[in-house]
Amino acid sequence: MRDVLYDLAERVANGETVGVGTVVATFSSAPRPAGAAMLVTQDGEAVGSVSGGCVEGAVYDLAQETGGPVLQRYGVSDDDAFAVGLTCGGIIDIYVEKISSETFPQLSEVVETVRAEEPVAVATVIEHPDGIGRRMVIWPDRRDGSLGSARIDDAVTDDARGMLASGRTGVLQYGPDGQRRGEGMSVFVNSFEPPPRMLVFGAIDFAAAMARLGAFLGYRVTVCDARPVFATRSRFPEADEVVVAWPHRYLEGEASKLDERTVIAVLTHDPKFDVPLLEVALRLKVGYIGAMGSRRTHEDRLERLREAGLTESELTALSSPIGLDLGARTPEETAVAIAAEIISLRWKGTGRRLTEIEDPIHR
């Protein structure tokens, strides 16, 4: 939707009603991700893409024909899918609706928020026994619109803000009145927020596991190491990018692009790499900085950082030894322990077993 958002807003502001097809879910080898959208204008122009060419024709016809919103599935086992050319084995769910100033009065404010590079999510009911199309716009500190009841609105607001924090777009499932354990209502949450970044330094087995888990959690993952023989795409296929550079120099170059959602995991446990790197990292405003190593390595690292001029206040931002105490042994288990610490700090969790506490599960 981000690709066509400004065009849509301009047309709606000029009084036009625009047909919009949005990919809300994908399975297997579907060519476009959830959130991809195509506009069908009143003068018959198609703008954007929902499948890279496979089902655009069918969505175009549906957007012109339909009066109200409709959810349509195209899959390799469907006659319609074969007819429109979706033979790649993928399945896509596409939500088609008509958007105007009456059906989406908050559109201009959404555009203003996106232009300001601030987070906002649009939640739309795409499946419900009583009908679909209700919409709510959700910011980190407020919301506008309703999905049908206070219970639904509260549940979706809570979950959508969690998705927004990680830049994720997708479908949430509830009972008809917003019951968390139920089915019958599907809500598509379109997050207008770039994914947070995870910078993993040190091209080792633990980094490969961390890259896999980081991608799973919705981060845009970068693996960086100064050794080209280890920092290769084949060793880190789940990473969004693999960079060969001295870690501290790379981080200095990226500093202006990072924010308080950024996660930095220093897995080198080699002073010539991690001390210069942490000198830079600990002076940035990011969400998490963790460094791998034994307690002896940690104490030695702290002393070196003090000698380099880091203050005690700056050193408190360092999570070292990295991760929660889960008894992890393997790279995969260690990655889970690190991710658990990141999640706990983000949402102010205790890290304790839920059976041992009486606080609300979702804060």
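It should be emphasised that the depicted structure is a prediction, and the values quoted were computed from it without experimental measurement. (Residues numbered from 1 in each chain as written. Predicted model: local features only at pLDDT ≥ 70, side-chain atom pairs only at ≥ 80, totals over all residues. Heavy atoms only, no water.)

Here's the deal with the packing of helix α8 (residues 271-281) against helix α9 (residues 295-307)
So, point 1. Here α8 crosses α9 at 50°, and the two axes come no closer than 10 Å. The pairing of α8 with α9 is recorded here as oblique in orientation. In this structure, the crossing between α8 and α9 has a hand that is right-handed. Counted together, Pro271, Asp274, Val275, Leu278 and Glu279 of α8 and Arg301, Arg304 and Leu305 of α9 form the full contact between these two elements.
So, point 2. The class makeup of the residues in the contact of α8 with α9 is 4 nonpolar, no polar and 4 charged. (Axes fitted to C-alpha atoms, helices over the stretch in contact; angles between N-to-C directions. Helix = DSSP H or I, 4+ residues; strand = E, 2+ residues; numbered from the N terminus. Parallel < 35°, antiparallel > 145°, perpendicular 65-115°, else oblique. Left-handed = near helix turned anticlockwise from the far one by under 90°. Contact = heavy atoms within 4.5 Å. Nonpolar A, V, L, I, M, F, W, Y, C, P; charged D, E, K, R; others polar.)

Focus: helix α11 (residues 331-347)
So, point 1. Its 17 residues place the ends of α11 24 Å apart at the C-alpha level, agreeing with the 24 Å of an ideal helix rising 1.5 Å per residue.
So, point 2. All buried positions along α11 are accounted for by Thr334, Ala335, Ala337, Ile338, Ala339, Glu341, Ile342 and Ser344.
So, point 3. Structurally, α11 contributes buried residues whose contacts are with β11 (197-201), α6 (205-216), β14 (263-266), β15 (288-291) and β16 (318-319).
So, point 4. Downstream of α11 by one or two residues, Lys348 has phi in the positive range, about 60°. (Expected span 1.5 Å × (residues − 1). Buried < 20%, exposed > 50% of the residue type's maximum accessible area, 1.4 Å probe, protein only.)

Considering the nonpolar core
So, point 1. If you look at the biggest cluster of nonpolar residues, it comprises 25 residues, and the most contacted ones within it are Met198, Val200, Met210, Val221 and Leu267.
So, point 2. Secondary structure elements with two or more residues in this core: β11, α6, β12 (220-225), β14 and α11.
So, point 3. A per-element tally of this core places α6 first, with 6 residues.
So, point 4. In this view, Met210 contacts Met198, Val200, Leu267, Ala335, Ile338 and Ala339; residues no more than four positions away in its chain are not counted.
So, point 5. Counting 23 residues, the second largest nonpolar core, distinct from the first, contains Leu199, Cys224, Ala281 and Val286. (Core = buried A, V, L, I, M, F, W, Y, C linked by side-chain atoms within 4.5 Å.)

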